[in-house]
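So you can see what is in the structure, the chains are spelled out below.
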Amino acid sequence: MKRVLRVLGIFLIFALAAGAMWFTQSGKWKTTTLKDVYISKPEGDTLWVVNGQERTEYTVKGAVREKTYEGIADLEVRGKCVRKIVCKPGKAKAVEQKEEVPETIRVLLTTTDFAAREHDEVKVRSEKPFVVKEGEKEKRCEGGEEFCIRAADMEEETIKINPTEGAKLEITSIKRGERTPSYRGTLELKKSGEKIRVINELLLEQYLYGVLPSEMPAEYPEAALRAQAVCARSYAKKQLQNDRLKEYGAQVDDSVAYQVYQSQPEDERANKAVDDTKGLVVCRGNTLASTYFFATSCGVTTSSDSVAFSDKEIPYLAGQVQSTDISDEKKAERDQLAADTYAEDALFCEFLEKEPDVLEKEEPWFRWNTTISLEQMEKNINERLAERCEKTPDRIEVRKGEGIYEKEQVENIGKLKRVVIKKRGCGGVAQTAVIVGTEATVRITSEYNIRMLLFSGDAVIRRKDGKEVTGLSMLPSGFFALERVGGVYEIKGGGYGHGVGMSQTGARQLANFGKNEREIISHYFPGVSILSMSQIGS
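Residues numbered from 1 in each chain as written. Predicted model: local features only at pLDDT ≥ 70, side-chain atom pairs only at ≥ 80, totals over all residues. Heavy atoms only, no water.

**Some details on the overall build of the chain**
Per the secondary structure count, the chain includes ten helices and 31 strands. Counting the 538 residues in the chain, one finds 50% classified as buried. Contacts in the chain between residues far apart in sequence, at least 24 positions, make up 65% of those at least 6 positions apart. For the chain, the exposed area adds up to about 26400 Å²; of that, 48% sits on carbon and sulfur atoms. (Helix = DSSP H or I, 4+ residues; strand = E, 2+ residues; numbered from the N terminus. Buried < 20%, exposed > 50% of the residue type's maximum accessible area, 1.4 Å probe, protein only. Contact = heavy atoms within 4.5 Å. Areas by Shrake-Rupley, 256 points an atom, 1.4 Å probe, with all protein chains shown as cover.)

**Re the pairing of strand β28 (residues 480-485)**
Bridge count for β28 against strand β29 (residues 488-493) is six bridges, and the pairing is antiparallel. Bridge pairing links Val-485 to Val-488 in β29. The hairpin turn running from β28 into β29, its antiparallel successor, is two residues long, and Gly-486 in that turn takes a positive phi close to 65°. (Pairing = 2+ DSSP bridges.)

**Digging into helix α10 (residues 517-524)**
Most of α10 is tucked away: seven of the eight residues are buried. Along α10, the residues that are buried comprise Glu-517, Arg-518, Ile-520, Ile-521, Ser-522, His-523 and Tyr-524. At the N-terminal end of α10, a side-chain oxygen is found 3.0 Å from the backbone nitrogen of Arg-518, two or three residues along, and the residue is Asn-516. (Polar contact = N/O pair within 3.5 Å; in protein donor to acceptor, adjacent residues only side chain to side chain.)

**Digging into the pattern of salt bridges**
Evaluated as defined, the whole model comprises 34 salt bridges. In this structure, the salt-bridge partner of Lys-137 is Glu-155, at a minimum N-O distance of 2.7 Å. Residue Lys-137 is located in strand β9 (residues 137-141), and its partner Glu-155 is located in the loop between β10 (147-150) and β11 (158-163); the two are separated by 18 residues in the primary sequence. One salt bridge in this structure joins Lys-354 and Glu-350, with 3.4 Å as the shortest N-O distance. (Salt bridge = Lys/Arg side-chain N within 4 Å of Asp/Glu carboxyl O.)

**Some points on the packing of aromatic side chains**
Tallied over the full model, the rule gives eight aromatic pairs. Ring centres 5.9 Å apart and planes at 45° place the aromatic pair Tyr-183 and Tyr-261 in the tilted group. One end of the pair, Tyr-183, is in strand β13 (residues 182-183); the other, Tyr-261, is in the loop between β16 (252-253) and α4 (268-276), with 78 residues separating them in the sequence. Judged by relative accessible area, which is 0%, Tyr-183 ranks as buried. Aromatic pair Phe-348 and Phe-479: ring centres 6.5 Å apart, planes at 45°, arrangement tilted. In this pair, Phe-348 sits in helix α6 (residues 345-353) while Phe-479 sits in the loop between β27 (468-469) and β28, placing the two residues 131 residues apart along the sequence. Judged by its relative accessible area of 0%, Phe-348 falls in the buried class. Put simply, the rings of Tyr-235, Tyr-292, Phe-293 and Phe-309 touch in pairs and so form one group of aromatic residues. Geometry around Tyr-248 places Arg-117 over its ring, the cationic atom sitting 5.3 Å from the centre. Geometry around Phe-351 places Arg-367 over its ring, the cationic atom sitting 5.4 Å from the centre. (Phe/Tyr/Trp six-rings, centres within 6.5 Å; stacked < 30°, edge-to-face > 60°. Lys NZ or Arg CZ within 6 Å of the ring centre and 35° of its normal.)

**Side note on the pairing of β10**
Here β10 shows a buried face lined by Phe-147 and Ile-149 and an unburied face lined by Cys-148 and Arg-150. The pairing of strand β7 (residues 121-125) with β10 spans four bridges and is antiparallel. Looking at the pairing, Val-122 lines up with Ile-149 of β10.

**Description of the nonpolar core**
The biggest cluster of nonpolar side chains holds 91 residues, and the ones touching the most others in it are Ile-161 and Tyr-207. Not counting residues up to four positions away in its chain, the partners in contact with Ile-161 are Val-124, Phe-130, Val-131, Val-132, Phe-147, Leu-169, Thr-186, Leu-187 and Leu-189. The next biggest cluster of nonpolar side chains, apart from the first, holds 34 residues, and it includes Val-410, Val-419, Ile-450 and Val-469. (Core = buried A, V, L, I, M, F, W, Y, C linked by side-chain atoms within 4.5 Å.)

**What to know about the sheet that holds strand β18 (residues 287-288)**
Here three strands make up an open sheet; going across it, the order is β18-β17-β31 and the pairing antiparallel. Pairing within the sheet leaves two strands with one partner each, and these edge strands are β18 and β31 (529-532). Relative to β31, strand β17 (residues 280-284) runs antiparallel, the two being bridged by four bridges. Residue pairing for β31: Cys-283 is matched across the bridge by Ser-529. Along the sheet, helix α3 (residues 222-242) contacts β17, β18 and β31; its crossing angle with β17, the most-contacted strand, is approximately 70°. (Axes fitted to C-alpha atoms, helices over the stretch in contact; angles between N-to-C directions.)

In short, geometric facts, not functional conclusions.
Right under this line is the structure:
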């Protein structure tokens, strides 16, 4: 028996030695040094080594878990575990984690159908008790009780409404479709003459809970939802910096002028995408990127300067053909097609007639068409022209002579004679149009103005899937061509939205192809990185 045990013991020693040798040779126990690598480590125990678009994930142990890193460093690695980080002076930074103060955002809530920014009357209720504070006065409203106020009844300039027990506040005087929206956080009612401004203040991450399902269907793949969450957070952060609604006491509103908020109820799938990407934003270098997004492309995206979002081209917002092959090797070809080829009117019109092999060729809004009579278009132009002049005075000019146009407020073109698309931008988007009337000839710049004016509220839009859509306020996109046939204009177009940045249905297709949120964002915003807000000093 002793002899058997001795033999087993010798065998076990040899087995352990062989196992140790295998682990050592395989690198499992071996410590190696990675020199001059670019690292990105947000909070937690995950560290990324970045090489171009490739990212390798490692875990960290010990004291390095308590810091965030970004830049060039040397790493001591055992297997997939980082044991030590040595930052290169001036090329990397390590920041002690600090207790973060949750960031808030102030949202200006518009009336039913997003029609106006100021309300005649505000009605609020909640399932739980809530407190209404006006100056030194406080009123407690019980759950289910409705608080109603008009500007004439306000004794102070501001009323604040605070929920209890974490309940949401419903504004029953607003409708979003058939539903009554409910809001996290607090409400602030500010008197503005005979109207009331309503501001919802809440945590930024909670705001995104209300944005995501309103901007992207919650049934989309998880990777697409996460990409949308990162883009939506980046966009919101950019608006906090811009502070364009300072005069209203807000930073964004809840309409398409910013990001649509609470037009759909919260959804746990969308909330999970927000939570999974908490604090992550899109950056160019160490600066927040402008992460525009839209519904569907026509097979090509456009550049920010082509639609007047910027005065000059932004490298990561340059248009590209949305080919099913999104490899880096094909990027230059995609960019060239968008920037040069499809900016030519004849080639763009030919592109619209084709069925190109692109990501969204099966989407309902990939192609659409409509017919608008001269009388309908003329009526629409004369009704809207003065408003567009007032809102965009630098983008509407009146003809004064041969080739001479001057900026001028104009209200009426008289009888419509003809319309011509004079210039196309990157990807073929309509950039300049000339409208000839009996009383005035005007030159219109920006795809938004063109879509608004060359339309009719009575128009029926026929999509690729055969469905007829009514009730739009403008053409679905600026990617269209029009031809006069007798007394009507036949308009053929593609896509839905402005066409800059990330296509949401395109993101869904990429997710279905197995791409993750970082790959999706890198495709639509080439050259950017995804960082935590703490890494950029936010």
